[in-house]
Amino acid sequence: MRLPPQPGERLDRAQEVTFMFCGKPVRAFQGDTFGSALFAGGQRIFSRSFKYHRPRGLLCCSGACPNCMMTVDGIPNVRVCAEPVRDGANVQPQNVWGSLDRDLLAVTDKFGGPFTPVGFYYRTMIRPRRAWPLYEKFLRNVAGLGRIDKHGARRGRYDVEHRRAEALVVGASEAGIARAKELAGQGRQVVLVDENSDVAPVEGADVVAPGRALGIWEGGLVPVDGGNVLYRYRAETIVVATGSVEQPLAFPGNDLVGIMLPESVRRLVEDWAIRPGKRAVVITADETGRESAQLLRKAGVEICGVYDLRRERIREIVAKGRKGILRSVEIDGRRVACDLLVMSGGRQPAYSLLAQAGARVEYDDSTGVFVPTEIPDGIEAVGSVTGEGIGAAIPAATYNGASGQGKCFVCVCEDVTDKDLKRAISEGFDSIELAKRYTTVTMGPCQGRLCHLPSIRVYARENESDASSIGTTTARPPWGPVTLGVLAGRPHEPAQRTSIHHRHKELGARMMWTGTWRRPYSYGDIEGEVQSVHGAVGVIDVSTLGKLLIVGSEAAEFLERLYPNRFGDMKTGRIRYGVLNTDAGRIMDDGTIARLADDSYYVTTTSTGAGAVVEWFEWWNAVWGMDAQIVDVTGALAAVNVAGPRARDLMQRLTDLDVSNEALSYLDAKHARVAGIPSLILRIGFVGELGYEIHFASPYGEYLWDTILERGADLGIRPFGLEPQRVLRLEKMHILVGQDTDSESNVIDANMPWIVKLDKDDFVGKWALEHAQARGPRELLVGFEMENGRVPPEGGQVVLSQRRPVGRVTSARWSPELRKVIGMAWVPPEIAHDGAQFFVTIDGGFDKAFVRLRPFFDPDGERLRS
Amino acid sequence: MSEMFAFLSPDLASPDVASASAWRSSLERALQHAPAGVIDISLSGKLEVRGDVDELDAKGYDVVPLGPERALVICDFTKTGRLRDKLSETFLVFDMSGALAGLQLRGETLMRRLTDLDLETLPAVGSVAHVRTYVLRDDAETFRLFFPQEYGHYLAEVVVDAVEGLAR
């Protein structure tokens, strides 16, 4: 079928390329596409349609329709009509059970019609409900087009690049190139993008091809898919030169193999020197059809008839074939034998990008197509996308859908016939937006390029209105298919690591996420780590704590307005535990507040709450304007907690500071050099043993950690992770905000009423706490211990003897020190007294638990204060 | 006041700590096989300055404006102490030398793979791979980035990966 060399052909006949198709080698020339080479070799059926599995052949040859989609080198849904050949490539058909010639699923075409009307999935395969897993399996196997290799390693690499352009021209059409040259001549920085790869250089402009513009977003943002790189362009001026799309005609049998649009004919003959058929009929509603006829004649094709719908009144067109291949067409009953039918229903401007940018879309009665109007500022439209040069086209060819004559397709992507559209309208889906969603017309790979206008025409006829009142559906990005990979780019998942992070890994810690922080869960021996804190000394990296400095003459008042606590009466060098509330009196965060000077406080927050607390403080002070500087030093400082009966011995080896109990008491804060590094030492007790939290400049994290482990070696020091820390704090009944509290919990119900100083001036959440106190608690947070050794799940139900759930478990652990299971739970006030009994659901059973109000370990805090 | 905040300043560690090369950068491990043009500049002085920052004369240090009364001052590490004391006479100064890590990069295209900040209007603060970063430009192809040190390892990995992507 190859013609002799054509003027301007894209083939390099000196360079031969071979690829495989269905296991057989196919010869091609450089400049061919896979599709053109297959066609030249005699292949006519390129795919099977979505629902009915009807044979489909080349229709548009320009990447608009779905007919030529195949899997190339494992990548599905490649439009082979546009994909340049590659030597050694492996091309396979898709969506077939069997082969392209004999697809077993074609039974749906013959018999499935009644079972697969429009919207069938809302009506069929629902009962019996038990059979759904079977239906689902079947549907999953027949749905979709291509298949992806689920076990394939990530192919290639995708990057995102942010670029700027003074003028971005979308579409290397004649009009686009002309405008690009014009703008470049004016000295603008011009970028020209086109979805095809064969674009010649343009003087003065930066050409990106292939580069498919996906859409236009606010701020002149146009992401351009360059295959492996997503170019995110921000352009001052965007020129849309996306041209227009040839429209099919709707008549029974209009999807037969051998029916083509004029562009197909032009490309096959002129670009790839291929004769598309032997006997051709042309039915056209505009001039392009006539041009195709001339081209075909020159290529040696017999023209059996040219029907110009602008001049002739034709009532009925029916295409007929055998096994899906065109054999003849009947025009008003007169049969003409042919193997090629060129149809042209006019050219619809590809206005999608313009519509996305805010342009209006209106029906032009003179041309019978929709054109963009009211182009917004910063955007230009040039070429046939504006509707210019389209020429008068009659919305021609009746959609008679005569029964028994064959299916008349409005949407070849989704196999939607005109009968389907009529049925949808009669069922009540009579607006274009509703009908689109119900029938799925325009929702396939062509995204409306070939079916939006035809479907509107059917609508207008059925509803007895006109196309302009029907309107168009909303244009949305992406304008063309785009891989998720290129949208995702590189996996940029921020992770925060402390300056001691690598030491944890070197010690074999199992790391976990706490928010976006990486933290050590444990070093492999949770019980051992817990016991080393009780029996000797342990060290934990708490650098993730949020840390703030509040500095200024109104620092104390500022904090008193934010917290329910009182801070103004704190002495310099003392620490208090504070709980931050929302303005609805709910617990937001907790931490320590140390007074460094009259006008300086050092505040810590939870690890995951730091950002929110900083924002909260800054937001309130933007309103109050108090003399209180807020400085986020979370990353500036690392922090470690050394805890255990031998912690003081260790501290004596690390600092010259007097660390006796009298000089550095519980809840004291002091500056000192620790291992030569200026530090702030906070003597606090989250884990319940004698402990010191050392805050110091981050870059010395590893140095201080190493020094501590070294100097504490003979004291039996062990690092401990987050999980042992959780056990230890639970033994002391210390809450974890977000674990033991939720968005409804307040400080009073959480059993910390002593924190709230209602006699203070107004503070955030005061009114709510006054209410809570007056109303009395609806539930209370208490500790509990289990009668037996089973650990209840977090969230486990608390039930009383009537088996009614009345509360929930928030934390529960086995305590190696106490040799029992302990936990915390929200319970009704009636049972919130020591020794009260309740049940907890575990594994479908009910285990007995006893309420404990005082800390399980060292309830009087003697070890803490030692 | 500066004594109270001495624990922020890495340059105030004792001489034996300094000689032990105790100061570590969070970028070290990720930059072990750093490509050419990617340099760890974490060891530098960074001071957050609050007050009438228009008065900063930028003599011997760089200034990144952060707001009407806030700026980040960047200087040579050895000069941090002196500059901190001098600026404390007129401004509120908080030492962020340990808080921020730094990277020097070469290549505008590399920068375009990392951020959508307008590279013609630097210095500025913006997002680089989702991390709030201070970005300075020394010449057409040389950029300096400063960002929270806890994201150092992550950002260094991102940069090394981006360089690799460009090399393909």
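These numbers were taken from a predicted model, which means no experiment stands behind them. (Residues numbered from 1 in each chain as written. Chains lettered and ligands numbered in written order. Predicted model: local features only at pLDDT ≥ 70, side-chain atom pairs only at ≥ 80, totals over all residues. Heavy atoms only, no water.)

### A short note on the sheet that holds strand β32 (residues 575-581) of chain A
Residues and elements named next belong to chain A.
Step number 1: An order of β32-β33-β34-β31-β35 is seen for the five strands of this open sheet, with the pairing classed as antiparallel. On the outer flanks of this sheet lie β32 and β35 (629-632), each paired with one strand and no other. Between one strand axis and the next, the sheet turns through 30 degrees on average, direction left out of account. (Pairing = 2+ DSSP bridges. Helix = DSSP H or I, 4+ residues; strand = E, 2+ residues; numbered from the N terminus. Axes fitted to C-alpha atoms, helices over the stretch in contact; angles between N-to-C directions.)

### Description of the pairing of strand β21 (residues 340-344) of chain A
Residues and elements named next belong to chain A.
Step number 1: Burial analysis of β21 places five of its five residues in the buried class, the great majority of the element.
Step number 2: Here β21 shows two buried faces, one formed by L340, V342 and S344 and the other by L341 and M343.
Step number 3: As paired strands, strand β15 (residues 259-260) and β21 are joined by two bridges and run parallel to one another. When the bridges of β21 are listed, M260 appears paired with V342.
Step number 4: Bridge count between strand β16 (residues 279-284) and β21: five bridges; the pairing is parallel. Bridge pairing in β21 links A280 to L340. (Buried < 20%, exposed > 50% of the residue type's maximum accessible area, 1.4 Å probe, protein only.)

### What about helix α9 (residues 432-439) of chain A?
Step number 1: When α9(A) is considered as a whole, its buried residues turn out to be A:I432, A:A435, A:K436, A:Y438 and A:T439.
Step number 2: Immediately beyond the C-terminal end of α9(A), within one or two residues, lies A:T440, with a positive phi of roughly 70 degrees.

### Remarks on the environment of A:C22
Residues and elements named next belong to chain A.
Step number 1: Among the structural elements, C22 can be located in the loop between β1 (12-21) and β2 (24-30).
Step number 2: The partly exposed category is assigned to C22, whose relative accessible area is 38%.
Step number 3: With 694 residues separating them along the chain, C22 and G716 place their C-alpha atoms 70 Å apart.
Step number 4: With residues up to four places along the chain from it excluded, the contact list for C22 reads V91, Q92 and P93. (Contact = heavy atoms within 4.5 Å.)

### Thoughts on the nonpolar core
Residues and elements named next belong to chain A.
Step number 1: By size, the foremost hydrophobic cluster in this structure holds 75 residues, and its most contacted members are L168 and I283.
Step number 2: For this core, the element with the most residues is strand β13 (residues 229-240), which contributes six residues.
Step number 3: L168 has contacts with V191, V193, V222, Y233, A235, T237, I238 and V239, leaving out every residue within four places of it along the chain.
Step number 4: Among the nonpolar cores identified, the runner-up in size contains 46 residues, and F34, A37, A40 and F46 belong to it. (Core = buried A, V, L, I, M, F, W, Y, C linked by side-chain atoms within 4.5 Å.)

### Quick word on the packing of aromatic side chains
All names here are of chain A.
Step number 1: This structure, assessed with the given rule, holds 15 aromatic pairs over all chains.
Step number 2: With a centroid separation of 6.2 Å and 80 degrees between ring planes, the pair formed by Y563 and F617 is classed as edge-to-face. Placement of Y563 in the loop between α15 (555-562) and β32 and of F617 in helix α16 (residues 610-624) is noted, with a sequence separation of 54 residues between them.
Step number 3: Classification of Y563 by relative accessible area gives buried; the value is 3%.
Step number 4: F617 sits in the buried class, given a relative accessible area of 0%.
Step number 5: Relative to F838, the ring of F784 has its centre 5.7 Å away and its plane inclined at 75 degrees; by these criteria the two rings are edge-to-face. You can see F784 sitting in strand β41 (residues 780-786) and its partner F838 sitting in strand β45 (residues 837-842), a full 54 residues away along the chain. (Phe/Tyr/Trp six-rings, centres within 6.5 Å; stacked < 30°, edge-to-face > 60°.)

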